[in-house]
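The primary structure of each chain is shown beneath.
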Amino acid sequence: MSIRTESYLVGLVGDGVTPSLTPPMHEREGDVQGLRYLYRPIDLLELGLPGDAVGDLLRSARSLGFNGLNITHPCKQLVLEHLDEVSPDARRLGAVNTVVIEDGRFIGHNTDFSGFAAALASGLPDAGLDRVVQLGAGGAGSAVAYALLTAGVKVLELVDTDAARCAARATELSGFFPDRTITPRTTAELPQLMPLADGLVHCTPVGMAAHPGVPLDLDLLESRHWVADIVYRPIETELVLSARAKGCQVLDGGRMAVGQAADSFRIFTGLEADADRMRSHFLDLVAQEEVAA
């Protein structure tokens, strides 16, 4: 394969991003496409920088010839004031996780929502979307809810332990999708909600390595439900394993991670990434982590 003449320098800004699997995913896809593609983590914790340093880092990246940056916690909202242009979806969500640098200008996008939308379409193409229960209405949950509604969900039951946040999110989303029903709910209502639902989407930290467990009573899951988790460390969360054992169709969190990466790769390079190939590489990286642990 011939090497293309273009070269790309990109990075990831956020707290604790050094172990992220995003850089090797991007670099491997660049290698396969014959690109000179370098992706580096810019870890605020290691640098001893606060989240509001993101503006200075953007300007430094521009001076150093970066093509763009991915942005993660705690900078997805903080970065907005430093951008010259923001995509309509990112503006609606009030969060940016991808900034491309073009002609000296900073242009913000959100591939959290588009990454989940792509994951849902590819991983659960036949999922019923009449009524969905979503656990978690935080930052990631906001993007996922937006993706679900964009995908055609008619009734979204939004469940969160923070009642005020949940109500605010439901009101905001109802303004964007006035023809849908978006209702704030509590965890106590799950026994009444799940029998009516087509599927369940999980967007809380429960199930991560540092927060083991499941986010709901597993007896509420039926084999007819589909279940999507956005946690991907571990990729086989207790929720995913249990739902699969019950006969549910499942979507692991790795699919969203790959969807985000594929969309960011396209934004940075103008070239389509092969999501299936990136998924395969992602699973290889996860397996290598598990062996090393």
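What this report covers is the structure whose coordinates are included nearby. Bear in mind that the values here come from a model prediction, so they are computed numbers and not experimental data. (Residues numbered from 1 in each chain as written. Predicted model: local features only at pLDDT ≥ 70, side-chain atom pairs only at ≥ 80, totals over all residues. Heavy atoms only, no water.)

## With respect to the overall build of the chain
So, point 1. For the chain, the helix and strand inventory stands at 11 helices and 12 strands.
So, point 2. Taking 2.2 N^0.38 as the reference for a compact globule, 293 residues should give roughly 19 Å; the C-alpha atoms of the chain span a radius of gyration of 19 Å, in line with that estimate.
So, point 3. Its C-alpha atoms give the chain principal-axis dimensions of about 55 × 40 × 35 Å.
So, point 4. Contacts in the chain between residues far apart in sequence, at least 24 positions, make up 70% of those at least 6 positions apart.
So, point 5. A total accessible area of about 13,000 Å² is found for the chain, and carbon and sulfur atoms account for 51% of it.
So, point 6. Side-chain charges of the chain comprise 24 positive and 39 negative groups, with the mean position of each set lying 3 Å from the other. (Helix = DSSP H or I, 4+ residues; strand = E, 2+ residues; numbered from the N terminus. Rg over C-alpha atoms; globule rule 2.2 N^0.38 Å. Contact = heavy atoms within 4.5 Å. Areas by Shrake-Rupley, 256 points an atom, 1.4 Å probe, with all protein chains shown as cover. Lys, Arg positive; Asp, Glu negative; His and termini not counted. Charge placed at Lys NZ, Arg CZ, Asp CG, Glu CD.)

## A few points about the sheet that holds strand S7 (residues 131-135)
So, point 1. With respect to topology, six strands assemble into an open sheet ordered S9-S8-S7-S10-S11-S12, the strand pairing being parallel. Looking at the sheet topology across the chains shown, the edges are occupied by strand S9 (181-185) and strand S12 (249-251). Here the average twist between neighbouring strands, direction ignored, is 15°. (Pairing = 2+ DSSP bridges. Axes fitted to C-alpha atoms, helices over the stretch in contact; angles between N-to-C directions.)

## Side note on the packing of helix H6 (residues 139-151) against helix H7 (residues 163-176)
Any two packed helices are characterised by the angle at which their axes cross and by the distance between the axes.
So, point 1. With their axes 11 Å apart at the nearest point, H6 and H7 run at an angle of 35° to one another. Crossing of H6 over H7 shows right-handed handedness. Of the residues in H7, those touching H6 at Ser 142, Ala 145, Tyr 146 and Leu 149 are Arg 169, Leu 173 and Phe 176. (Left-handed = near helix turned anticlockwise from the far one by under 90°.)

## Thoughts on the layout of surface pockets
So, point 1. There is about 1,400 Å³ of room inside the largest pocket.
So, point 2. Forming the boundary of the largest pocket are 46 residues, of which Thr 72, His 73, Lys 76, Met 208 and Tyr 232 lie nearest the centre.
So, point 3. Looking at the lining of the largest pocket, the elements that each hand over two or more residues are helix H1 (22-32), strand S3 (68-71), helix H5 (111-123), H6 and helix H10 (253-269).
So, point 4. In the lining of the largest pocket, the residues fall into 23 nonpolar, 18 polar and five charged. (1 Å grid on protein atoms, 1.4 Å probe; cavity = no way out; pocket = protein on both sides within 12 Å on 5 of 7 lines; lining within 4 Å. Points joined across faces, edges and corners; volume = space filled by probe spheres on them. Nonpolar A, V, L, I, M, F, W, Y, C, P; charged D, E, K, R; others polar.)

## Quick look at the pattern of salt bridges
So, point 1. Within this structure, the stated rule accounts for 19 salt bridges.
So, point 2. Ionic pairing is found between Arg 185 and Glu 157, a salt bridge with its closest N-O pair at 2.8 Å. In this pair, Arg 185 is assigned in strand S9 and Glu 157 in strand S8 (residues 155-159), connecting sequence segments 28 residues apart.
So, point 3. A residue is classified by how much of its surface remains accessible, and Arg 185, at 23% relative accessible area, is partly exposed.
So, point 4. As a salt-bridge pair, Asp 179 and Arg 180 come within 3.3 Å of each other at their nearest N and O atoms.
So, point 5. In the salt-bridge network here, residues are joined through shared partners; they are Arg 131, Glu 157, Arg 185 and Glu 189. (Salt bridge = Lys/Arg side-chain N within 4 Å of Asp/Glu carboxyl O. Buried < 20%, exposed > 50% of the residue type's maximum accessible area, 1.4 Å probe, protein only.)

## A word on H7
So, point 1. A rise of 1.5 Å per residue sets the reference length of H7, with its 14 residues, at 20 Å; its end C-alpha atoms lie 20 Å apart and thus fit the reference within 8%.
So, point 2. Those residues of H7 that are buried lie in contact with H6, S8 and S9. (Expected span 1.5 Å × (residues − 1).)

## Describing the packing of aromatic side chains
So, point 1. One pass over the structure, following the stated rule, counts six aromatic pairs.
So, point 2. Arranged with centres 6.0 Å apart and planes meeting at 35°, the rings of Tyr 8 and Tyr 37 form a pair that is tilted. Here Tyr 8 is found in strand S1 (residues 7-14), whereas its partner Tyr 37 is found in strand S2 (residues 36-43), with 29 residues between them in sequence. In this structure, Tyr 8 and Tyr 37 share a single accessibility class: buried.
So, point 3. Considering the side-chain rings of Tyr 37 and Phe 265, the 5.2 Å spacing of their centres and the 25° angle between planes classify their relative orientation as stacked. Residue Tyr 37 is located in strand S2, and its partner Phe 265 is located in helix H10; the two are separated by 228 residues in the primary sequence. (Phe/Tyr/Trp six-rings, centres within 6.5 Å; stacked < 30°, edge-to-face > 60°.)

## Thoughts on the nonpolar core
So, point 1. Judged by nonpolar contacts, the single largest core of 32 residues is most densely connected at Phe 116, Val 144, Leu 148, Leu 156, Val 201 and Trp 226.
So, point 2. Looking at this core, the elements that each hand over two or more residues are H5, H6, S8, H7 and strand S11 (226-229).
So, point 3. Examining the composition of this core, we find that seven residues originate from one element, H6, more than from any other.
So, point 4. With sequence-adjacent residues up to four places away left out, Leu 156 is seen in contact with Val 132, Gln 134, Ala 145, Leu 148, Leu 149, Thr 181, Ile 182 and Thr 183.
So, point 5. In this structure, Leu 21, Ile 235, Val 258 and Ala 261 belong to the second largest nonpolar core, which totals 21 residues. (Core = buried A, V, L, I, M, F, W, Y, C linked by side-chain atoms within 4.5 Å.)

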